[in-house]
Amino acid sequence: MSVVLHPFATHFPIALLLLNLALTLVYLRRADPFLERSAYGTLVIGWWSLFAAILTGTLDLALRWPLRAETVAWINAHAALGIALLIIYGQALLRRRRDPAVLQGPQRAAYLRLLVLGALLVLVTGWVGGHLVYGLGFGVE
């Protein structure tokens, strides 16, 4: 029996990226520089940890061949959502790095939309992954 790594690697980016949105919203209310730095830190580490989640998911999938027909579409959706998360949060990180004062400038609304979209995608991606395991029994021996 092989060790399944993906479930261990997914919770870190989920927590950090959702915390990023929460810290950003609290910062907009309280204007505490510590909150802004913390939000930026969770974005950076959360985005990089997405790579670990995607890599472990790919490796774990490679160990599960052949796949059952009913799981293929769900696996493809889960993988596509993971890549979409990487792109959405990558865009947010790029905006933040290009303009560290993005939360005070005219691009604030667009930046916040990216974070909200990313948080929604995190929830949907997690739901699809949960359905794969608990609904379809994928990866459960």
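As a starting point, this report considers the structure included with it. Computed from a predicted structure; not experimentally measured. (Residues numbered from 1 in each chain as written. Predicted model: local features only at pLDDT ≥ 70, side-chain atom pairs only at ≥ 80, totals over all residues. Heavy atoms only, no water.)

**Observations regarding a nonpolar patch on the surface**
Selection criterion: Each patch is assembled from residues with relative accessible area greater than 30% and no salt bridge, linking like charges that lie within 9 Å and nonpolar side chains (Val, Leu, Ile, Met, Phe, Trp, Tyr) that lie within 5 Å. Computed with the Shrake-Rupley method and a 1.4 Å probe, the accessible areas treat only the protein chains shown as cover for residues. We define a salt bridge as a contact between a side-chain nitrogen of Lys or Arg and a carboxyl oxygen of Asp or Glu at a distance within 4 Å. Starting at the N terminus, helices and strands are each numbered in turn, a helix being any DSSP run of H or I of at least four residues and a strand any DSSP run of E of at least two. Partly exposed residues are those whose accessible area sits between 20% and 50% of the maximum for their type, while under 20% is buried and over 50% is exposed, using a 1.4 Å probe and protein chains only.
There is a patch of nonpolar side chains on the surface, built from Val116, Leu120 and Leu123 and spanning about 270 Å² of accessible area. By secondary structure assignment, the location of valine 116 is in helix H4 (residues 108–135). For valine 116, a relative accessible area of 39% puts it in the partly exposed group.

**Considering the pattern of salt bridges**
Close approach of charged atoms allows side chains with opposite charge to pair. The full count for this structure, using the stated rule, is 2 salt bridges. The partner of arginine 96 in a salt bridge is glutamate 36, and the shortest N-O contact between them spans 3.5 Å. With arginine 96 in helix H3 (residues 69–98) and glutamate 36 in helix H2 (residues 33–62), this residue pair connects regions lying 60 residues apart in the sequence. Using a relative accessible area of 17% as the deciding quantity, one classes glutamate 36 as buried. We note a salt bridge from glutamate 70 to arginine 68, for which the minimum N-O separation is 2.6 Å.

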